[in-house]
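Here are the chains, one letter per residue:
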Amino acid sequence: MTTADDILRFWFAEGPDVYRTCWFRRSDAYDAEIRDRFATAQQQAHDGALDAWLNAEIPADGSEFQRIFEACQAGIAAGWMCNREAGGIKFSRVIKPGDAIHGFSVDVVVMDSLKGPHHRHPNGEIDMIMPLDAGAQFDGRGKGWLVYPAGHAHHPTVTGGK
């Protein structure tokens, strides 16, 4: 079974403060490596166990969660992450969907107390909720992980700030 340490060692292989250049490039070899290493974790997303696993293995109050949050903040500050805006929502797609990650993509979004457009995720949705303001929530959940099943549809809603 894949552990949180396995995933974090892979993502932060060059050190906790260094972005892996391969994160943001299309590569068949990199896609295959993700598929081979993390097939178990990908299956958890489809069988409903991933929400509990992520919240237990990479808790919101843990150093790993904080490192990911800081990496996103650095990308936003550098201007290449969340560099698009529509309807008061800042966003960017940092990893495009592909076969290796079963059609998932990675988007980073900043919302400030608003209801976003209705949409559906055929493969589900994995949210790492990183509030910028104390008490802010995404779809009724505070800091931590939220995983929606395949076919889920919603109006993403942030309350209580960013």
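Our structure is the block above this text.
Described below are features of the structure shown in this document. (Residues numbered from 1 in each chain as written. Predicted model: local features only at pLDDT ≥ 70, side-chain atom pairs only at ≥ 80, totals over all residues. Heavy atoms only, no water.)

### So, unusual backbone geometry
- Not every positive phi belongs to a glycine, and S113 is a case in point at roughly 45°.
- Turning to its location among the elements, S113 is positioned in the loop between strand 3 (106-110) and strand 4 (119-121).
- The phi torsion at D139 lies on the positive side, around 50°, for a residue other than glycine.
- Considering the arrangement of structural elements, one finds D139 in the loop between strand 6 (137-138) and strand 7 (144-148).
- On the basis of relative accessibility, which here comes to 21%, the residue D139 falls in the partly exposed class. (Helix = DSSP H or I, 4+ residues; strand = E, 2+ residues; numbered from the N terminus. Buried < 20%, exposed > 50% of the residue type's maximum accessible area, 1.4 Å probe, protein only.)

### Observations concerning the environment of G98
- With respect to the element layout, G98 can be found in the loop between strand 2 (89-95) and strand 3.
- In this structure, the C-alpha to C-alpha distance between G98 and S27, residues 71 residues apart in sequence, is 10.0 Å.

### A look at the nonpolar core
- Formed by L50, W53, L54, I58, A60, F65, I68, M128, W145 and V147, the largest nonpolar core amounts to ten residues.
- Of the residues forming this core, the biggest block, three residues, is contributed by helix 3 (residues 50-57).
- Residues L114, F138, L146 and V158 belong to the second largest nonpolar core, which totals eight residues. (Core = buried A, V, L, I, M, F, W, Y, C linked by side-chain atoms within 4.5 Å.)

### Re the side chain of S92
- Within the fold, S92 resides in strand 2.
- Once you skip the residues sitting within four places of it in the chain, S92 turns out to touch W80, M81, C82, N83, V106, D107 and V108. (Contact = heavy atoms within 4.5 Å.)

### Section: helix 4 (residues 63-78)
- Its 16 residues give helix 4 an end-to-end C-alpha distance of 22 Å, which sits within 8% of 22 Å, the value for a rise of 1.5 Å per residue.
- All of the buried residues in helix 4 are F65, I68, F69, A71, C72 and G75. Seen end-on, helix 4 carries its buried residues on one side only, within an arc spanning 155°. Exposed side chains of helix 4 directed beyond 90 degrees from the buried face belong to A77 and A78.
- G79, located one to two residues past helix 4, shows a positive phi value of around 90°. (Expected span 1.5 Å × (residues − 1). Arc of directions from axis to C-beta.)

### Details of the packing of aromatic side chains
- Enumeration over the complete set of coordinates arrives at one aromatic pair.
- Relative to W145, the ring of F65 lies with its centre 5.9 Å away and its plane at 90°, an arrangement referred to as edge-to-face. Pair noted here: F65 is in helix 4 and W145 is in strand 7, with a separation of 80 residues, a long-range link.
- Residue F65 is classed as buried on the basis of its relative accessible area of 0%.
- Classification of W145 as buried rests on a relative accessible area of 10%. (Phe/Tyr/Trp six-rings, centres within 6.5 Å; stacked < 30°, edge-to-face > 60°.)

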